[in-house]
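Below are the chains, spelled out letter by letter.
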Amino acid sequence: MLTRPPVKFIDRIARALPQIVVAPGFAAILYFVYGFIIWTGYISLTKSKMLPNYTLIGTRPYERLFQMDRWSVAIENLFIFGFLFVFVSVIVGCLLAVLLDQKIRAEGFIRTIYLYPMAISFIITGTAWKWIMNPSLGLEKVIRDWGWESFRFGWTVDNNLAIYALVMAAVWQASGFAMALFLSALRSVDQDIIKAASLDGASPWRIYLRIILPSMRPVFMSAMVILSHLAIKSFDLVVALTGGGPGYASTLPANFMYEMTFRRNEIAVGAASAMVMLATVAAIMVPYLYSELRGKKHV
Amino acid sequence: MSDAARYSAPRPWSALILRVLLWFVLIVFAIWFLLPAYVVVGTSLKDLDEIRGGSLLALPHELNFSAWRHAWSEACIGVECTGLKPYFWNSVSMALPGVVVSTLLGALTGYALTKWKFKGANLVFALILFGCFVPFQVVILPMAQTLGKIGITNTVYGLILVHSVYGLAFTTLFFRNYYVTIPDELVRAATIDGAGFFTIFHRIILPLSPPIIVVSVIWQFTQIWNDFLFGASFTTGGAQPITVAMNNLVNTTTGVKQYNVDMAAALITAAPTLLVYIFAGRYFVRGLTAGSVKG
Amino acid sequence: MASLTIKNAVKRYGNVEVLKGVSIDLRDGEFLVLLGASGCGKSTLLNMIAGLEDLTEGEIMIGDRVVNDVHPKDRDIAMVFQSYALYPTMTVGQNIAFGLEMRGVPKAERALRVEQVAKTLRMDHLLDRKPAQLSGGQRQRVAMGRALVRDPEVFLFDEPLSNLDAKLRLEMRTEIKRLHKRLNATMVYVTHDQIEALTLADRIAILKDGEVQQLASPAEIYEHPANMFVAGLVGSPPMNFLDITVEAGEAGPAAWVTLRADGADKPVLLDLSAHTARLDGYVGRKVVMGLRPEMISQGTTDAGQCVQCEIDVTEATGADTLCVLNWNNQEVLARGTSGYTKILEGTMDFTIETERACLFDPESGLRLD
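Since the model is a prediction, treat every value here as computed from it, not as a measurement.

Caption draft 1: How the structure looks around the sheet that holds strand β7 (residues 154-158) of chain C. Residues and elements named next belong to chain C. Within the open sheet, the six strands sit side by side as β6-β7-β8-β3-β9-β10. Their pairing is mixed. Every interior strand has two partners, whereas the edge strands, β6 (77-80) and β10 (211-216), have only one. Between one strand axis and the next, the sheet turns by 15° as a mean value, whatever way the strands run. As judged from the five bridges shared by strand β3 (residues 31-35) and strand β8 (residues 186-191), these two strands associate in the parallel manner. What sits directly across from leucine 32, in β8, is valine 188. Sheet strands in contact with helix α4 (residues 136-148) are β6 and β7, and its direction is about 175° off that of β6.

Caption draft 2: Here's a closer look at the UniProt feature "transmembrane region" (unreviewed entry) in chain B. All names here are of chain B. Per the UniProt record, "transmembrane region" (unreviewed entry) is annotated on residues 20-41, 94-114, 121-144, 156-179, 200-221 and 263-285. A helix fraction of 75% and a strand fraction of 0% characterise residues 121-144, whose end C-alpha atoms lie 31 Å from each other. For residues 263-285, the end-to-end C-alpha separation is 29 Å, with 100% helix and 0% strand making up the annotated structure.

Caption draft 3: Layout of the side chain of C:Asn68. For C:Asn68, the position within the fold is in the loop between β5 (65-66) and β6. Of the polar contacts made by the side chain of C:Asn68, one reaches the backbone oxygen of C:Gly58; its length is 2.9 Å.

Caption draft 4: A look at the confidence of the model for chain A. Summary statistics for chain A give a mean pLDDT of 84 and a share of 96% for residues scoring 70 or more. Model confidence for chain A, summarised as mean pLDDT per element, is weakest for helix α6 (residues 139-146) of chain A at 80 and strongest for helix α3 (residues 69-100) of chain A at 91.

Caption draft 5: View of a nonpolar patch on the surface. A surface patch of nonpolar side chains, amounting to about 490 Å² of accessible area, comprises B:Trp13, B:Leu16, B:Ile17 and B:Val20. One can find B:Val20 in helix α1 (residues 12-45).

Caption draft 6: A look at the pattern of salt bridges. Residue and element names in this part refer to chain C. Taken as a whole and assessed by the stated rule, the structure comprises 28 salt bridges over all chains. Two residues, glutamate 109 and arginine 113, come together in a salt bridge whose shortest N-O distance is 3.1 Å. Here arginine 113 and glutamate 109 lie together in helix α3 (residues 107-120), a separation of four residues that amounts to about one turn. Note that aspartate 369 and arginine 367 form a salt bridge whose closest N and O atoms lie 3.6 Å from each other.

Caption draft 7: The sheet that holds β5(C), seen in detail. Residues and elements named next belong to chain C. Pairing within the open sheet is antiparallel, and its four strands lie in the order β2-β1-β4-β5. Every interior strand has two partners, whereas the edge strands, β2 (16-26) and β5, have only one. Examined bridge by bridge, strand β1 (residues 4-13) and β2 share eight bridges and lie antiparallel to one another. Bridge pairing links lysine 11 to leucine 19 in β2. Strands β1, β2 and β4 (57-62) of the sheet are contacted by helix α1 (residues 42-50), whose axis makes an angle of about 120° with β1.

Caption draft 8: Quick peek at the pairing of β10(C). Residues and elements named next belong to chain C. Pairing of strand β9 (residues 203-208) with β10 involves five bridges; the strand directions are antiparallel. Of the residues in β10, the one forming a bridge with leucine 207 is valine 212. Connecting the antiparallel pair β9 and β10 is a turn made up of two residues, with aspartate 209 showing a positive phi of about 50°.

Conventions used here
- Residues numbered from 1 in each chain as written.
- Chains lettered and ligands numbered in written order.
- Predicted model: local features only at pLDDT ≥ 70, side-chain atom pairs only at ≥ 80, totals over all residues.
- Heavy atoms only, no water.
- Pairing = 2+ DSSP bridges.
- Helix = DSSP H or I, 4+ residues; strand = E, 2+ residues; numbered from the N terminus.
- Axes fitted to C-alpha atoms, helices over the stretch in contact; angles between N-to-C directions.
- Contact = heavy atoms within 4.5 Å.
- UniProt positions renumbered as here; feature names shortened; annotations may be inferred.
- Polar contact = N/O pair within 3.5 Å; in protein donor to acceptor, adjacent residues only side chain to side chain.
- pLDDT = per-residue confidence, 0-100.
- Patch = residues over 30% accessible without salt bridge, like charges linked within 9 Å, V, L, I, M, F, W, Y side chains within 5 Å.
- Areas by Shrake-Rupley, 256 points an atom, 1.4 Å probe, with all protein chains shown as cover.
- Salt bridge = Lys/Arg side-chain N within 4 Å of Asp/Glu carboxyl O.

Here it is in structure tokens:
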């Protein structure tokens, strides 16, 4: 009779190595992301104030949250800011990408200029634009000195305009990134289709509008998803540019959460606002990631 | 280059006008993108009188670096008047280990998830991937608690841990997407040749990885250096990273507002990531789009 | 060198059964080709022999050793991959030596053996190059060298030629054949190319849906395919299949076939009395007759039954000219003449070797003998 040699112990370890190697990272993510989400979710249902308190009180913190004017302002701001930021960044990014695609000399140089804001912290961006928008010494003064007496650029200190100052700075920072996305997508469009279309007599304009841009739908989708998740997470820019003010006119949910948690001893309300933010991000990201992962399996 | 432009042959006149218009738009945008950089550098080189009296857009009369020196080693942040210097080194000693740990772990995780597919590998990846997009507001509270329990609140080590963990999702994504383009047959061939998990990683996979390592390092360095939320939430005083210290410096309300020092501080804070971008930015784009094995 | 035994190998992924109990016995030095379309399980089987995939059930033995739980590196096998799987960052020399290095062979001996193999494969001048600097044929050689240098008991080939162009493929095919002759090693070769299978194999195992359809020598498979699937897979141009009804003729079984000649349908009685298959039980029933193109040849000979057919289209391949005929409202390929010499058109004589025809049961698809 033949006997099977026993599986060597070392081979058994070797077989489990991939799992063993993934384990620490995965465990860290499980604990620090999912575990923490659960913790925050729990705290958002308690009567925690200055310190975590584990006594459950149901959805009262959420009710309180939605009664707070500061929160409604933050949510409203998020809608205005998020919509304008995503919309304008995509338009500007797309426009710049198409323009740069016209066989521009020094394309690399120009691209570098458009993209460098991505390398900078939102804190720097906020500080720089705050200085430019300084009502007494900034761009407003320059333009007025040039003769346009009624020019106003002191948006950061204006109740109604502060949120647009945020949009302006955020677009400045992110539209180069959108451009890079679109440019690489433009370059990967099937060239045969373009040849066929131009042989059919389509003008370059029509080719862009009817063929190239529609074929880039997935990239538009990615750009919008990534930008909107950036919008929801926006925190530092507000801190540096407007400080959420004047008053709390330009506050965003992320700043609200920070304010409640670290300054106002309203931990439960802060946690509740964080959970609402998470839900918003998840509502955007999960369907997107799901379709992305599924789509890739077929390739 | 896309061919859409190549096949257009409008009449010379309109072509010229279009070309001029095209350049006009490109230059206007370039000015818009460069304006803050110009203003920040310009202001940082002026003295306060020049700032108050002159135009924001005027060139400085002379190259005056005293604001830089002041921001670097003398400016007051809170009650300490040490300049940004110690905070700069805080950021360095936080960013370097953070980059190394998350890149290394990401590479190994990505390798195991793509080349040694085990049951549930896809689920593991999906769960890690979502970690990229979680708003950090949802983790700061429990993180503050955890750091307190381990006893590393308000230290650089705490921030290293935080950045390593939350960077891991991104680095894993980078490496995973890169490693799926490496043919599985390479790993099989090496297995038959007698190489094990780590030998294959070290001898076959790592030598193929420089492009994506560059991506991961640049990304992580930028993220960690530019972070504000974690720094502001978990540190105070002397342990703060430079972004937080810079923000405090700018928003210090005592005394005369020194715009030139503020701008110099912004410049110092931005310098490391800007330099990385200028010198290595193209490798970042190249690495993101590059396939692993040619031919 | 060693024999290779596969006993009732089963592979399941969840509920999907990829291999449904495959048993193959290979003697020492035999060349086995696993032939089948993609998804038939042939690569899975090869990977199981290599140890890259586990068996769900069954056993694999190399020599007299059950290797189910033996790590690939300890199985004493070498494998050549379809994509060659050369290590991109290593030179050719390092590629070939890697397996030896992993086994702790001293450096000096490694160099010696690499040199020997490089000489055998006529690529000693390439040893310092990187794979990216090589042509497709050269890469293929390196992949072979990597397997050869280890001097394993069993060689495994996973479609090694399918990434080469037609001419190189022919060259390398001969090279592999020569190698087998010289080394006399046990080899298992996976391909979907039936010509490769016929030219290389001592025996061919034809797989479909995870089951062996036939395991036999190339000649046996070509002449006596076990079923319609095998008959249709092997042979180029492929076998013609005709639905016929067996009738009781004067001398024995026969079948009416409608041919087209001079623009009109003409029924012809094909005499099957000399066929080896016992058809008595099939009188009045439908069967499938398989005729290879060379069994229908232009001209009159004594080898079979002569009939007149109208030629629809001719296809000159250079060596042969093929004729498309119309029988029973169905296209039938016949071999015309050798070369381009004759013009073939209109109605001509063809000889049908009905004795060599294969007859199949239409329901089971099995060959009738």
